[in-house]
Amino acid sequence: MSRAAAACRFTAPVIGEDRRGFYADLMQAVSRTGTNIRSAELQSRDGIAYGGVLVEVEHQSHLQRVIKAMRRVKGVTDVDRREPSPLAPPR
């Protein structure tokens, strides 16, 4: 089975501080884990960025690495593992 066939897609909901470079830093952190980013939908309101990043992961530990890398990005306040609408405003 090819590597692409073994990949599983997962949306990682994220909330963070809306600052210059935040989106770029977030995508770079995910990319550094060797992860394919399929899409990202992020918005901001009142100084808060929120949305979801659709990634392809190979297994559970790969997903954990992605989430850990996203949490390390300056300004990130939450990265979740559930699958809500990526554009639901933060509570």
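As a reminder, the structure under discussion sits directly above these lines.
Per chain, residue numbering runs from 1 following the sequence as it is written. Only residues with pLDDT of at least 70 get local features here, since the model is predicted, and only at 80 or more are side-chain atom pairs given and counted; chain-wide, interface and lining totals rely on the full set of residues. Side-chain metrics rest on all non-hydrogen atoms present in the structure, leaving aside hydrogens and water.

With respect to the environment of Arg19
Numbering goes from the N terminus for both helices and strands, where a helix is a DSSP run of H or I of at least four residues and a strand is a run of E of at least two. One can find Arg19 in the loop between strand S1 (8-17) and helix H2 (22-31). Exposed residues in this analysis have more than 50% of their type's maximum accessible area, buried residues have under 20%, and partly exposed residues fall in between, with area computed by a 1.4 Å probe over protein chains only. By relative accessible area, which is 16% here, Arg19 ends up buried. In this structure the C-alpha to C-alpha distance between Arg19 and Lys74, which are 55 residues apart in sequence, comes to 9.4 Å. Setting aside chain neighbours within four positions, we find Arg19 in contact with Asp25, Val73 and Lys74. Among the polar contacts made by the side chain of Arg19, one reaches the side chain of Asp25 at a distance of 2.8 Å. The contact criterion used is simple: two residues touch if any of their non-hydrogen atoms lie within 4.5 Å. A 3.5 Å cut-off defines polar contacts: any pair of N or O atoms within that distance qualifies, except that in protein one atom must be a possible hydrogen donor and the other a possible acceptor, and neighbouring residues in sequence count only when both atoms are side-chain atoms.

A look at the pairing of S1
Taken residue by residue, a regular strand's side chains alternate between the two faces of the sheet. Only when DSSP finds a minimum of two bridges between them are two strands counted as paired. For S1 and strand S3 (residues 48-57), the ladder comprises ten bridges, and the chain directions are antiparallel. Looking at S3, one finds that Ile15 is bridged to Tyr50. As paired elements, S1 and strand S4 (residues 76-79) share three bridges and run antiparallel to each other. Each residue of the ladder has a partner; that of Val14, found in S4, is Val79.

Here's the deal with the pattern of salt bridges
For salt bridges, the criterion is a side-chain nitrogen of Lys or Arg within 4 Å of an Asp or Glu carboxyl oxygen. The final tally for this structure, using the stated rule, is three salt bridges. Here Glu56 and Arg9 are joined by a salt bridge, their closest N and O atoms 3.4 Å apart. In this pair, Glu56 sits in strand S3 while Arg9 sits in strand S1, placing the two residues 47 residues apart along the sequence. Note on Glu56: relative accessible area 17%, which makes it buried. Put simply, Arg38 and Glu56 hold a salt bridge, and the shortest N to O gap is 3.6 Å. On the criterion of sequence distance, the pair formed by Arg38 in strand S2 (residues 36-45) and Glu56 in strand S3 is long-range, its members being 18 residues apart. Looking at Arg38, the relative accessible area reads 41%, which means it is partly exposed. Taken together, the shared-partner salt bridges in this structure form one network comprising Arg9, Arg38 and Glu56.

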